[in-house]
Amino acid sequence: MNNHVTVLEIDANAVLHNLNYFKQKLQPETKILAVVKAFGYGSDGVEIAKIIQNEVAYFAVAYTDEGVALREAGIKNPILVLHPQKQNIPTIVSYRLEPNLYSFKIFEAFLEYADNVPLINYPIHLKFNTGLNRLGFWHTDVPNILSELKKSNNVKVQSIFSHLAASEDLNEQEFTVNQINNFAYIVKQMYEHLGYEPMIHILNTSGVINYPKAQFDMVRIGIGLYGFGNDDQETAQLKNTHNLKSIISQIHLIQPGETVGYNRAFVASKPTKTATVPIGHADGISRKLGNKNGFVIINNQAAPIIGNVCMDMIMVDVTNIDCKEGDEVIIFNHQQQIEYIAHKCETIPYEILTALSQRIKRFVKS
Ligand SMILES: *Cc1c(COP(=O)(O)O)cnc(C)c1O
């Protein structure tokens, strides 16, 4: 028995199912990079990596520490660090993580470090900005990048990549196709002068769904692994990976006129049975879900959250539900519930998943 009552169960079979779903959309030679940043989209990046390490070519994380955690857990796959920072270069190298070099500042810092050690053919990745305007070299930087690379055998470009700004939005198809074409042109120039041909990649999950012709050598799948496509049809083919559960800590019977929670936000208009559940806004349950905007499932019935969400607890209305203290509470175990919560919180499933705090115990169900 788990002694923590609120748990996030990670469904290993669902993760594998989702990975295979995307695999069958790919050309046989297209590699998969699994994005496990932000604790595997709020689950457990190390556990996700262990589940799929033999099924994918690469992993990606946002920050160096996340890559270190994977290495310390024994993950051997190459790991791309999407947002390395200069002060982390020694750590990146000592854990054999592969930096995304996206500007001359970080590129030159890395080359200088590589020259000092010295490193030979250390794997690096170059990212080009083709319209997201977040991280990346500009196409006009190509000649200078090439001349820096020619001076050095300390590094070897493992891949050249870019990131789409609106791959999920078919109204932006023209913009996206333009990004892909501009990227292909940059790659062509790099290939012509580099003397070897690094892998290339531009698609994230919704890119794989909407722009299958742009698979190139590898695709970077994040949210798809965790059960979300870009529309209901696609999501219905995927399985939910994050199951968030708790139990009823206490039940109260209150009379008309009595109130529940801070600021007395819920006022009973009739005799009401309430259940207190040990999960709150410190766990990632938004206060926007209070006052009946959100609900949980108890014994297969929906119990609305009443009053304000507290830091560590919520109270739900179980007047019409046959239940007792200790009964299981499902916060979500289906993508539709996560989408509903995201909608109520005016955000997207990515934020709901990644907001689940580290206080919630994770375990893998296999
Ligand atoms: C997070 C991220 C991804 C994954 O995107 P999804 O939409 O979750 O598939 C891919 N590439 C980069 C550069 C990212 O930052």
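Our structure's up above, just so we're on the same page.
These lines cover the structure that appears in this document, whether it is placed above or below.

**Notes on the site of the ligand**
- Around the ligand, the structure places 14 residues, and the nearest of them are Lys37, Tyr41, Thr205, Ile223 and Tyr350.
- Note that an oxygen atom of the ligand is positioned 3.3 Å from one of the side-chain N or O atoms of Arg134.
- Residue Arg220 places a side-chain N or O atom 2.8 Å away from a nitrogen atom belonging to the ligand.
- Considering the ligand on its own, with 390 Å² of exposed area, one finds that the protein chains cover 94% of that surface.
- When residues of the shell around the ligand are traced back to their parent elements, those giving at least two are α2 (37–42) and β9 (218–221).
- Per-class residue counts for the shell around the ligand are six nonpolar, four polar and four charged.

**Observations concerning the pattern of salt bridges**
- For the coordinates displayed, the defined rule picks out 11 salt bridges.
- A salt bridge links Glu47 to Lys50, with the shortest nitrogen-to-oxygen separation between them at 3.7 Å. Pair noted here: Glu47 and Lys50 are both in helix α3 (residues 45–52), with a separation of three residues, about one helical turn.
- On the accessibility criterion, Glu47 (24% relative accessible area) is partly exposed.
- Two residues, Arg359 and Asp283, come together in a salt bridge whose shortest N-O distance is 2.9 Å.

**Let's talk about the sheet that holds strand β14 (residues 272–277)**
- Across the sheet, nine strands lie side by side as β11-β14-β17-β16-β15-β18-β10-β1-β19; this open sheet has mixed pairing. The two strands at the open ends of the sheet, each matched to only one other strand, are β11 (250–254) and β19 (361–365). Neighbouring strand axes in the sheet, compared pairwise and without regard to direction, differ in orientation by 35 degrees on average.
- In terms of strand pairing, β14 meets strand β17 (residues 314–317) through four bridges, oriented antiparallel. Residue pairing for β17: Val277 is matched across the bridge by Ile314.
- Contacts between helix α1 (residues 12–23) and the sheet are confined to β1 (7–11) and β19, with β1 contributing the most and set at about 45 degrees to the helix.

**Concerning the sheet that holds β9**
- With respect to topology, eight strands assemble into an open sheet ordered β8-β7-β6-β5-β4-β3-β2-β9, the strand pairing being parallel. In the strand order of this sheet, the two ends are held by β8 (199–201) and β9, each with one partner. Neighbour to neighbour, the strand axes of the sheet diverge by 30 degrees on average, direction disregarded.
- The sheet contact formed by strand β5 (residues 98–101) and strand β6 (residues 122–127) spans two bridges and is parallel. When the sheet's bridge partners are listed, Leu101 is paired in β6 with Leu126.

**Examining helix α4 (residues 64–72)**
- Among the residues making up α4, those that are buried are Thr64, Gly67, Val68, Leu70 and Arg71. In an axial view of α4, the angular spread of the buried residues amounts to 160 degrees, which keeps them on one side of the axis. The exposed residues of α4 that point more than 90 degrees off its buried face are Asp65 and Glu72.
- Considering only its buried residues, α4 is in contact with α3, β3 (58–61), β4 (79–81) and α5 (89–94).
- Following α4 by one or two positions, Gly74 adopts a phi angle in the positive range, close to 95 degrees.

**Notes on the environment of Pro304**
- Structurally, Pro304 is set in strand β16 (residues 301–306).
- The partly exposed category is assigned to Pro304, whose relative accessible area is 23%.
- Through-space distance from the C-alpha of Pro304 to that of Ile92 is 47 Å; in sequence the pair is 212 residues apart.
- With near-sequence residues (within four places) excluded, Pro304 lies in contact with Lys292, Gly294, Phe295, Met315, Val316 and Asp317.

Reading guide: rules and limits
Residues numbered from 1 in each chain as written. Predicted model: local features only at pLDDT ≥ 70, side-chain atom pairs only at ≥ 80, totals over all residues. Heavy atoms only, no water. Near = heavy atom within 4 Å. Polar contact = N/O pair within 3.5 Å; in protein donor to acceptor, adjacent residues only side chain to side chain. Areas by Shrake-Rupley, 256 points an atom, 1.4 Å probe, with all protein chains shown as cover. Helix = DSSP H or I, 4+ residues; strand = E, 2+ residues; numbered from the N terminus. Nonpolar A, V, L, I, M, F, W, Y, C, P; charged D, E, K, R; others polar. Salt bridge = Lys/Arg side-chain N within 4 Å of Asp/Glu carboxyl O. Buried < 20%, exposed > 50% of the residue type's maximum accessible area, 1.4 Å probe, protein only. Pairing = 2+ DSSP bridges. Axes fitted to C-alpha atoms, helices over the stretch in contact; angles between N-to-C directions. Contact = heavy atoms within 4.5 Å. Arc of directions from axis to C-beta.

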